Amino acid sequence: MTETPSANRWANATAPSLDDFEAMALEALAGLPEPFRELVAGVPCSVAEFAEDDVLEGFGMESPFELMGLFEGVGLTEEGVVPATGQMPNRVWLYRRAILDYWAEHEDETLGEIVTHVLIHEIGHHFGFSDEDMEEIEARADAEEN
């Protein structure tokens, strides 16, 4: 006979915090192979509950749950030899509540896998890849796995 988990076991459970998400992102960054890790060394990864309203409006999104991550900056392939004066440094954002919502709907993926996927997707923009480029790369990788 298998033992049923006690409801008390979950009584003090909480959702992963912003700090937990940052730790997962840092772990994912540390796991990147070289030379990628070196090329993103100066790109900070920040975590927030949701994207700012102006960001959502810029993408035409009505719900903050639609955006799990964001790359801010200029991709390496778009940057000139010398960065433009006054240009803010590149940054990756992860949005905790949107990621948790996605995770709740996709039981076949762990939270760590989702955080890593979103982070790598946003880093792809740092390297100059478009969303379409990354979808094509992911489709090829999926095809190779099967």
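Our structure is the block above this text.
On a predicted model such as this, the values are computed, not experimentally measured, just so you know. (Residues numbered from 1 in each chain as written. Predicted model: local features only at pLDDT ≥ 70, side-chain atom pairs only at ≥ 80, totals over all residues. Heavy atoms only, no water.)

Time to look at the packing of aromatic side chains. How two aromatic rings sit relative to each other is given by the distance of their centres and the angle of their planes. Scanning all chains against the criterion turns up three aromatic pairs. A centroid spacing of 5.0 Å and a plane angle of 85 degrees characterise the contact between F50 and F65, whose relative ring orientation is edge-to-face. On the criterion of sequence distance, the pair formed by F50 in the loop between β1 (45-48) and α3 (53-58) and F65 in the loop between α3 and β2 (69-72) is long-range, its members being 15 residues apart. Assessed through its relative accessible area of 23%, F50 is described here as partly exposed. (Phe/Tyr/Trp six-rings, centres within 6.5 Å; stacked < 30°, edge-to-face > 60°. Helix = DSSP H or I, 4+ residues; strand = E, 2+ residues; numbered from the N terminus. Buried < 20%, exposed > 50% of the residue type's maximum accessible area, 1.4 Å probe, protein only.)

For the rest of this paragraph, the subject is the layout of surface pockets. Of the pockets and cavities examined, the largest pocket occupies roughly 540 Å³. In terms of lining, the largest pocket is formed by 17 residues, of which the most central are H117, I120, H121, I137 and E138. Going through the elements one at a time, α5 (111-126) and α6 (131-145) are the ones with two or more residues in the lining of the largest pocket. Partitioning the lining of the largest pocket into residue classes produces 10 nonpolar, four polar and three charged. Its boundaries defined by the atoms lining it, the second largest pocket holds a volume of some 320 Å³. (1 Å grid on protein atoms, 1.4 Å probe; cavity = no way out; pocket = protein on both sides within 12 Å on 5 of 7 lines; lining within 4 Å. Points joined across faces, edges and corners; volume = space filled by probe spheres on them. Nonpolar A, V, L, I, M, F, W, Y, C, P; charged D, E, K, R; others polar.)

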